[in-house]
Amino acid sequence: MIDKYNRKINYVRLSITDKCNFRCNYCMNEDAEFMKEIELLSLNEIEKLVKVLKDLEFKNIRLTGGEPTLRPDIIDISKIIQNYFGEFSITTNGSLMYLLAKDLKKNGLKNVNFSLDSLNRDTFAKITKRDDLNNVLNGLEKSLETGLNVKLNTVIQKRNFNEVFELIEFSAKHKLPIRFIELMPIGNNYNEDDFISEDTLKSKIEEKYSLIPYNKNFGVGPSKYYIIKELNSYIGFISAMTHNFCSSCNKIRIAANGDIYPCLAFDYHISIKNVIDNENLLKEKIKMAVLEKPQKHYLNELKKKTPMHKMGG
Ligand code: SAM
Ligand code: SF4
């Protein structure tokens with residue numbers, strides 16, 4: 001589908017739960033509120049939605065959350081997506097991938113984005129509020145053994161800035177592209193003192209390594225890639241705050257309760273749960289969400305209230 005600003009919208013990020021076993025400082029508090037089970041799209045409703053997304057010529061589907069691997073029927077969900085799309089991607093904190101990688105791969109999982117903000121057990125626990133680094137690293141190993149395409153996502157903040165070389169060298173050792181994400185003022189926890197810009201980060205990296213712009217992408221996301229010459233590895237920057245990529249945005253987000261968010265940076269959403277049994281109305285609502293995508297975000301001026309774990313990060 002083409003939106004009002006001539007962008008091709010063919011990528012959907014589908015959240016299947018807003019719950020999480022972590023509490024990353026920039027995403028949710030210990031006492032975060034979650035949707036009631038009854039509000040979530042059921043397996044049957046997810047199938048109806050996935051069919052319509054395929055009919056509307058969406059090309060790529062990524063499961064997210066909250067933490068998508070917490071959903072007890074994730075294997076059944078993956079089978080449904082495999083039936084319609086053949087393959088799919090997932091964004092995960094990775095803590096349960098040691099249990100799920102093999103079955104998900106069998107059911108069409110191809111690309112996994114692992115969120116990994118620190119390799120230091122204490123810093124990891126301070127950011128996520130859980131002492132779970134070992135499970136994440138086991139999940140990463142299992143995913144690689146299983147043959148999944150893995151990329152690392154690191155939200156860069158003051159508290160992990162001093163680990164940037166360790167993270168880069170780890171990614172190079174495992175031949176995984178690593179992408180650094182700029183912190184966004186989304187949800188209730190944003191603290192601008194934590195913010196590190198792409199330019200600051202790049203200058204630090206260039207004290208040690210040479211970055212050569214790389215024009216290809218490793219997927220359909222907004223990351224801008226470089227080759228690290230000395231390590232022969234890839235690094236990407238996803239910098240919504242300082243290097244806005246709205247003009248090439250290709251996605252909508254669907255929350256676990258079926259609310260469609262045309263843009264990550266606005267609280268505005270369209271509910272589809274009430275029309276999920278009517279294919280025509282469902283299609284109309286999805287088309288409406290695409291048409292209502294704003295031209296660009298205003299995150300530098302306006303704070304966004306709906307947290308990432310609720311709308312689907
Ligand atoms: N739980 C999964 C995970 O952490 O990968 C999937 C959902 S999470 C909301 C998706 C991505 O959003 C993660 O890479 C996370 O680091 C990122 N994220 C969450 N809040 C953010 C924020 N305020 N600014 C930048 N990235 C954020
Ligand atoms: Fe959970 Fe992902 Fe949010 Fe961290 S970023 S609290 S892992 S949903």
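For the structure, see preceding data.
Now for a look at the structure at hand. (Residues numbered from 1 in each chain as written. Chains lettered and ligands numbered in written order. Predicted model: local features only at pLDDT ≥ 70, side-chain atom pairs only at ≥ 80, totals over all residues. Heavy atoms only, no water.)

1. Brief notes about the site of ligand 1
Basically, it comes down to this: Each residue is tested against the molecule or strand, and it is near if at least one of its non-hydrogen atoms lies within 4 Å. A 3.5 Å cut-off defines polar contacts: any pair of N or O atoms within that distance qualifies, except that in protein one atom must be a possible hydrogen donor and the other a possible acceptor, and neighbouring residues in sequence count only when both atoms are side-chain atoms. The method behind every accessible area is Shrake-Rupley, applied with a 1.4 Å probe, and residues are considered shielded solely by the protein chains displayed. Only runs of H or I of at least four residues qualify as helices and only runs of E of at least two qualify as strands under DSSP, and these elements are numbered from the N terminus. Under this grouping Gly is polar, as are all residues other than the nonpolar Ala, Val, Leu, Ile, Met, Phe, Trp, Tyr, Cys and Pro and the charged Asp, Glu, Lys and Arg.
Residues in close proximity to ligand 1 total 17 residues, the closest being G66, E67, S115, V155 and M184. Take G66: an N or O atom from its main chain is 3.0 Å from a nitrogen atom of ligand 1. Protein contacts shield 95% of the accessible area of ligand 1, which totals 540 Å² for the unbound molecule. Within the residue set of the shell around ligand 1, elements represented by two or more residues are β3 (88-92), β5 (149-156) and β6 (178-182). Partitioning the shell around ligand 1 into residue classes produces six nonpolar, nine polar and two charged.

2. Focus on the pairing of β6
Short version of the rule: Throughout, exposure labels follow a simple rule: accessible area from a 1.4 Å probe, protein chains only, divided by the maximum for the residue type, with under 20% read as buried, over 50% as exposed, and the rest as partly exposed. When DSSP finds two or more bridges between two strands, those strands count as paired. When the strands point away from the viewer and the path from the first strand over the helix to the second turns clockwise, the crossover is right-handed.
Of all the five residues making up β6, five are buried; the element is thus mostly covered by neighbouring parts of the structure. Burial along β6 is two-sided: the residues I178, F180 and E182 and R179 and I181 are all buried. Taken together, the five bridges between β5 and β6 define a ladder with parallel strand orientation. Its bridge partner being in β6, N153 is matched across the sheet by R179. Since β5 and β6 lie parallel, the crossover through helix α6 (residues 164-173) that links them has a hand, and here it is right-handed. Where β6 meets strand β9 (residues 233-238), four bridges bridge the pair, whose relative direction is parallel. From the neighbouring strand, I181 faces β9, where its bridge partner is I238.

3. Focus: helix α1 (residues 43-55)
Spelled out, the test is: By definition here, a helix of n residues has an expected span of 1.5 Å times n minus one. Think of it as the arc spanned by the lines of direction from the helix axis to the C-beta atoms. Residues count as neighbours in contact if any of their non-hydrogen atoms are within 4.5 Å of one another.
The first and last C-alpha atoms of α1 sit 19 Å apart over 13 residues, in line with the 18 Å expected at 1.5 Å per residue. Along α1, the positions that sit buried rather than exposed are E45, I46, L49, V50, V52 and L53. Down the axis of α1, the smallest arc covering the buried residues is 165°, so these residues share one side. Taken together, the buried residues of α1 touch β1 (11-15), β2 (60-64), α2 (74-85), β10 (251-254) and α8 (279-291).

4. Details of the packing of α6 against helix α7 (residues 198-206)
Here is the rule: Orientation is described by lines fitted to C-alpha atoms, with helices fitted over the stretch in contact, and by angles between N-to-C directions that extend from 0 to 180 degrees. Orientation labels follow simple angle bins: below 35 degrees gives roughly parallel, above 145 gives roughly antiparallel, 65 to 115 gives roughly perpendicular, and whatever is left gives oblique.
Viewed as axis vectors pointing N to C, α6 and α7 meet at an angle of 70°, and their least axial separation amounts to 10 Å. Here α6 lies roughly perpendicular to α7, going by the angle between them. In this structure, α6 uses V164, F165 and I168 to contact α7, whose residues at the interface are L201, K204 and I205. A class-by-class count of the residues in the contact of α6 with α7 yields five nonpolar, no polar and one charged.

5. Topic: the site of ligand 2
Around ligand 2, the surrounding shell consists of C20, F22, C24, C27, M28, G66 and N93. Across the shell around ligand 2, the residue classes tally to five nonpolar, two polar and no charged.

6. Thoughts on the sheet that holds strand β8 (residues 224-228)
An order of β7-β8-β9-β6-β5-β4-β3-β2-β1-β10-β11-β12 is seen for the twelve strands of this open sheet, with the pairing classed as mixed. Strands with a single pairing partner mark the edges of an open sheet, and in this sheet they are β7 (211-214) and β12 (270-271). For β1 and β10, the ladder comprises four bridges, and the chain directions are parallel. Of the residues in β10, the one forming a bridge with V12 is I252.

7. Considering unusual backbone geometry
With glycine set apart, most residues show a phi of negative sign, and most peptide bonds adopt trans. Its identity is not glycine, yet N6 carries a phi of approximately 65°, on the positive side. Located in the positive-phi region is K175, a residue other than glycine, with phi close to 55°. Turning to its location among the elements, K175 is positioned in the loop between α6 and β6.

8. Some words on the environment of K151
Tracing the chain through its elements places K151 in strand β5. Among the residues examined, K151 registers a relative accessible area of 9% and is labelled buried. Between the alpha carbons of K151 and I254 there is a distance of 22 Å; along the sequence they are 103 residues apart. Every residue in contact with K151, bar those within four places of it in the chain, is listed here: V112, N113, F114, P177, R179, F218 and Y225.

9. Things to note about the environment of T91
Its location among the elements puts T91 in strand β3. For the pair formed by T91 and N153, sequence separation is 62 residues and the distance between their alpha carbons is 9.0 Å. Residues within four places of T91 in sequence aside, it is in contact with R13, R62, L63, T64, P68, N113, S115 and N153. Among the polar contacts made by the side chain of T91, one reaches the side chain of R13 at a distance of 3.4 Å.

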